[in-house]
Number of protein chains: 2
Amino acid sequence: MEKNDLKAVGLKITTPRMRILEVLSSSGDRHFSAEDIYQHLRDIDKDISVATIYRVLTQFEAAGLVIRHNFSEAYSVFELNQGCHHDHLVCLQCRRVIEFHDPVIEERQDALTQRVGFKATDHSLTIYGICQDCQ
Amino acid sequence: MEKNDLKAVGLKITTPRMRILEVLSSSGDRHFSAEDIYQHLRDIDKDISVATIYRVLTQFEAAGLVIRHNFSEAYSVFELNQGCHHDHLVCLQCRRVIEFHDPVIEERQDALTQRVGFKATDHSLTIYGICQDCQ
DNA sequence: GTCCGTGCAAAGGATTTGCATAATC
DNA sequence: GATTATGCAAATCCTTTGCACGGAC
């Protein structure tokens, strides 16, 4: 389980790190801001410092355990990196994030970067709008 | 020319607004942070307050004159909205921004949002990596 | 026991805002 | 001349950092 995730990337197993992993892998939403995580833990009386949340998330990102997103908001959003790349629909009303994956789009991107000699390391495609529930 | 752009969107013609428009439409780079604009103007002895730059850019964005981008950086980048939508390659080394447009990708996005009943208002596709010159 | 992690509070950078002055129409 | 825009400095928001203490191995 999660302890191995930490060991695998060479991070010591500590209570804050485990708790943050738990929140990130909790069912339901998969996309959290640092503040979201802080509230989740505070709600169940598992207090933690915001500074630690940021530090841990940054380490997790460096270790490839989480992916950081800069959607249109002023803050970052984090999700567990589960290996399979995907893109996002972001509802501007309820802030919900819906994932999708389109192989044709991926192919076109690869073709494009090869054509212009650009060494792509990463990409993000985000579609903003109003989700079905909010309409 | 630019005076009409301002009148067309119902904004008074003021010196700061004209100067910012000039920078945004200057040849060369087309993508500027607020700080970039501040420096450009300062360099040619056209002093301006940073607060005004932010205020004007926000008004321009609301009026559809400029587009604001949140690339992976901690700050926003602005470009003149010239009507034809495009996406971006961002060089992580030199920060250069290269534009591209792919109709197939656009189509796939439309098909997707229609399929899941999502009312898209906007989207951004950004590919990060190293441009040819920096390799 | 050593070393790394955490909490706290203060610092940091980008952006916004309140208010008095200055400019546009 | 009335109204809106600007400059300045202070405020705000998210995030990072310094330092002393506490916890993992």
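Residues numbered from 1 in each chain as written. Chains lettered and ligands numbered in written order. Predicted model: local features only at pLDDT ≥ 70, side-chain atom pairs only at ≥ 80, totals over all residues. Heavy atoms only, no water.

Draft legend 1. Focus on the protein's contact with DNA strand C. Around DNA strand C sit 19 residues in total, of which Thr14, Arg17, Thr52 and Arg55 of chain A together with Tyr54 of chain B are the nearest. For DNA strand C, the fraction of protein-proximal atoms (within 4 Å) that sit in sugar or phosphate groups is 70%. At 2.7 Å from a phosphate oxygen of DNA strand C is found a side-chain nitrogen or oxygen belonging to Thr14 of chain A. A distance of 3.3 Å separates a base oxygen of DNA strand C from a polar side-chain atom of Arg55 of chain B. Elements represented by at least two residues in the surface near DNA strand C include exactly helix 2 (15-24) and helix 4 (50-63) of chain A together with helix 4 (50-62) of chain B. When grouped by side-chain class, the residues that make up the surface near DNA strand C number nine nonpolar, five polar and five charged. (Near = heavy atom within 4 Å. Polar contact = N/O pair within 3.5 Å; in protein donor to acceptor, adjacent residues only side chain to side chain. Helix = DSSP H or I, 4+ residues; strand = E, 2+ residues; numbered from the N terminus. Nonpolar A, V, L, I, M, F, W, Y, C, P; charged D, E, K, R; others polar.)

Draft legend 2. Representation of the sheet that holds strand 4 (residues 97-100) of chain A within the structure. Spatial strand order, 4(A)-3(A)-5(A)-5(B)-3(B)-4(B): six strands in an open sheet with mixed pairing. Edge positions in the sheet fall to strand 4 of chain A together with strand 4 (97-100) of chain B, since each of these pairs with one other strand and no more. On average, each strand axis in the sheet is tilted by 25° relative to the strand beside it, whichever way the strands run. Where strand 5 (residues 119-130) of chain A meets strand 5 (residues 119-130) of chain B, eleven bridges bridge the pair, whose relative direction is antiparallel. Of the residues in strand 5 of chain B, the one forming a bridge with Ser124 of chain A is Thr126 of chain B. (Pairing = 2+ DSSP bridges. Axes fitted to C-alpha atoms, helices over the stretch in contact; angles between N-to-C directions.)

Draft legend 3. The relation of the copies chain B and chain A, seen in detail. With an axial shift of 0.0 Å and an RMSD of 0.1 Å, the rotation relating chain B to chain A amounts to 179°. Taken together, the rotation angle and the small translation identify this as a two-fold axis. When each C-alpha of chain B is compared by its distance to the rotation axis, Leu125 of chain B comes out closest, at 2.1 Å. Residue by residue, 100% of the interface of chain B is reproduced at the interface of chain A, so both copies engage with the same surface. (Least-squares fit on C-alpha atoms with pLDDT ≥ 70 in both. Contact = heavy atoms within 4.5 Å.)

Draft legend 4. Representation of the interface of chain B and chain A. At the junction of the two partners, chain B supplies 34 residues and chain A supplies 34 residues. Linking chain B with chain A are two salt bridges. Residue Asp102 of chain B is joined to Arg108 of chain A by a salt bridge in which the shortest nitrogen-to-oxygen separation is 2.8 Å. Residue composition of the side of chain B that touches chain A, by class: 18 nonpolar, twelve polar and four charged. (Salt bridge = Lys/Arg side-chain N within 4 Å of Asp/Glu carboxyl O.)

Draft legend 5. Inspection of the protein's contact with DNA strand D at higher detail. Of all residues adjacent to DNA strand D, which total 17 residues, the nearest are Tyr54 and Ser76 of chain A together with Arg17, Thr52 and Arg55 of chain B. Each atom of DNA strand D within 4 Å of the protein was classed as base or backbone; sugar and phosphate made up 70%. A distance of 3.2 Å separates a base oxygen of DNA strand D from a polar atom in the side chain of Arg55 of chain A. A distance of 2.7 Å is found between a phosphate oxygen of DNA strand D and a backbone nitrogen or oxygen belonging to Ser76 of chain A. Secondary-structure elements contributing two or more residues to the surface near DNA strand D are helix 4 of chain A together with helix 2 (15-24) and helix 4 of chain B. Grouping the constituent residues of the surface near DNA strand D by class yields nine nonpolar, four polar and four charged.

Draft legend 6. Up close: the environment of Ser72 of chain B. Residue placement: Ser72 of chain B occurs in the loop between strand 1 (66-69) and strand 2 (77-80). Since its relative accessible area comes to 37%, Ser72 of chain B is described here as partly exposed. Contacts of Ser72 of chain B, omitting those with residues within four sequence positions, involve Asn70 of chain A together with Leu92 and Tyr128 of chain B. (Buried < 20%, exposed > 50% of the residue type's maximum accessible area, 1.4 Å probe, protein only.)

Draft legend 7. Structural view of the pattern of salt bridges. Residues and elements named next belong to chain A. Counted under the stated rule, the structure contains 14 salt bridges over all chains. The partner of Glu99 in a salt bridge is Arg30, and the shortest N-O contact between them spans 2.9 Å. Residue Glu99 is found in strand 4, and its partner Arg30 is found in the loop between helix 2 and helix 3 (34-43); the two are separated by 69 residues along the sequence. When its relative accessible area of 18% is taken as the criterion, Arg30 is described as buried. For the salt bridge of Asp133 with Arg96, the shortest nitrogen-to-oxygen distance reads 3.6 Å. Residue Asp133 is found in the segment after strand 5, and its partner Arg96 is found in the loop between strand 3 (87-91) and strand 4; the two are separated by 37 residues along the sequence.

Draft legend 8. Summary view of the environment of Leu41 of chain B. All names here are of chain B. As for its position among the elements, Leu41 is in helix 3 (residues 34-43). Taking the relative accessible area as the measure of exposure, Leu41 reaches 2% and is therefore buried. Considered as a pair, Leu41 and Val23 are 18 residues apart in the sequence and their alpha carbons are 7.8 Å apart. For Leu41, the contacting residues outside a window of four places in its chain are Arg19, Ile20, Val23, Lys46, Asp47 and Ile48.

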